[in-house]
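Tertiary structure, described
Chain by chain, the residues:
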Amino acid sequence: MSATATAAASPPVPRPRRRRVPHKGAILAFTVPFVVLFVLFYLIPIAYAVWQSLLVVEREGTFGEAREVFGGFQQYLLVFQNTAFWTSVGRVLLFGVVQVPVMLGLALLFALLLDSPLLRGKKFFRLAFFVPYAVPGVIAAIMWGFLYSPNLSPFEALTSNVDLLSADLVLWSIANVVTWVFVGYNMLIIYSTLLAIPQEVYEAARIDGAGQARIAWSIKIPLVRPALVLTGVLSIIGTLQLLAEPQTFRSFSSAVTSTYTPNMTIYATSAIPNVSLAAAFSVVLALATFILSFTFLRLSRRGAAS
């Protein structure tokens, strides 16, 4: 039998039917509001900031009417020439290198304590660790600012001998405030991951003779690694966006200037007003935040794979 006859005799291969997606209306009802809000309050502001950063102000004569015209990357040249901005970036990077590991280390320790069967009064301690996060950052900064002030602090014996608001120490005084506020928040993220670990894993470890310290080191910490990576990324983003605490500390310390952090530099520039330069600062800061966060994720993934 020829190949043509064989092909003609064989039955046609049925084409796969397209799978029908159920509940399309429900999917759209839940998706459309998010997409609309995402576009209105995220994508459009980003696009507007990028466009605004490409504009420059021109005048006809000394007292002529100001008008905005397209200036290309002129504002970005000013950004890279601005020493105060890059000094503030270096300052918050130093802040993050020290403060973020300390904060996440404490959050991990507190989460492990709450998950330990040896701890009593877990509800009380869980609430006590989280309560500082419920305090707004400005209120927390005001409260700690009074505690640091030599003339107002109840710890006068300490503050009269150690100037916690001096140029050398004020950055770490701010770091203490941020740590106090956000340890509980990061602790809850890690603790919720610990609660999701099956109890059978712990039972098998106890049968093998592992104690609580060994279980925490060899089982719990490796399994909460994704939560640590998440809190690390959030902390990096928060560090580069530091604003409320140092802005409040300007009332207590002359060492905190209007360009102390990148966001304070942006705020001060927009108040001049020089909105286009402030927008360029914002775009550069957003790109720096993205690069640092992406690099941290890649290094974390590489460390987990090795």
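Report on the accompanying structure. (Residues numbered from 1 in each chain as written. Predicted model: local features only at pLDDT ≥ 70, side-chain atom pairs only at ≥ 80, totals over all residues. Heavy atoms only, no water.)

Packed helix pairs are characterised by how far apart their axes lie and by the angle those axes make with each other. Following both chains from N to C, one finds helix α4 (residues 83-115) and helix α11 (residues 225-240) inclined at 145 degrees, their axes separated by 10 Å at the closest point. Our pair here, α4 against α11, has a crossing hand that is right-handed. Facing V92, L93, F95, G96, Q99, V100, M103, L104 and L108 of α4, the residues of α11 in contact are L228, T231, G232, S235, T239 and L240. Considered class by class, the residues forming the contact of α4 with α11 number nine nonpolar, six polar and no charged. (Axes fitted to C-alpha atoms, helices over the stretch in contact; angles between N-to-C directions. Helix = DSSP H or I, 4+ residues; strand = E, 2+ residues; numbered from the N terminus. Left-handed = near helix turned anticlockwise from the far one by under 90°. Contact = heavy atoms within 4.5 Å. Nonpolar A, V, L, I, M, F, W, Y, C, P; charged D, E, K, R; others polar.)

What follows covers the layout of surface pockets. When its volume is computed, the largest pocket comes out at roughly 530 Å³. Looking at the largest pocket, it is lined by 19 residues, and the ones nearest its centre are Y42, Q241, A286, L287 and T289. The set of elements that each furnish at least two residues to the lining of the largest pocket consists of α2 (24-53), α11, α13 (262-270) and α14 (275-305). (1 Å grid on protein atoms, 1.4 Å probe; cavity = no way out; pocket = protein on both sides within 12 Å on 5 of 7 lines; lining within 4 Å. Points joined across faces, edges and corners; volume = space filled by probe spheres on them.)

This brings us to the packing of aromatic side chains. Going through the model one piece at a time under the given rule, you end up with 19 aromatic pairs. Their ring planes at 40 degrees and their centres at 5.7 Å tell us that W144 and Y148 sit as a pair that is tilted. Within this pair, W144 and its partner Y148 are both found in helix α6 (residues 137-148), separated by four residues, close to a single helical turn. The exposure class assigned to W144 is buried, which follows from its relative accessible area of 17%. The exposure class of Y148 is buried, given its relative accessible area of 6%. In this arrangement the basic side chain of R91 is found over the ring face of Y260, its NZ or CZ atom lying 4.3 Å from the centre. When the ring centre of Y202 is taken as reference, the NZ or CZ atom of K220 above it lies at 5.2 Å. (Phe/Tyr/Trp six-rings, centres within 6.5 Å; stacked < 30°, edge-to-face > 60°. Buried < 20%, exposed > 50% of the residue type's maximum accessible area, 1.4 Å probe, protein only. Lys NZ or Arg CZ within 6 Å of the ring centre and 35° of its normal.)

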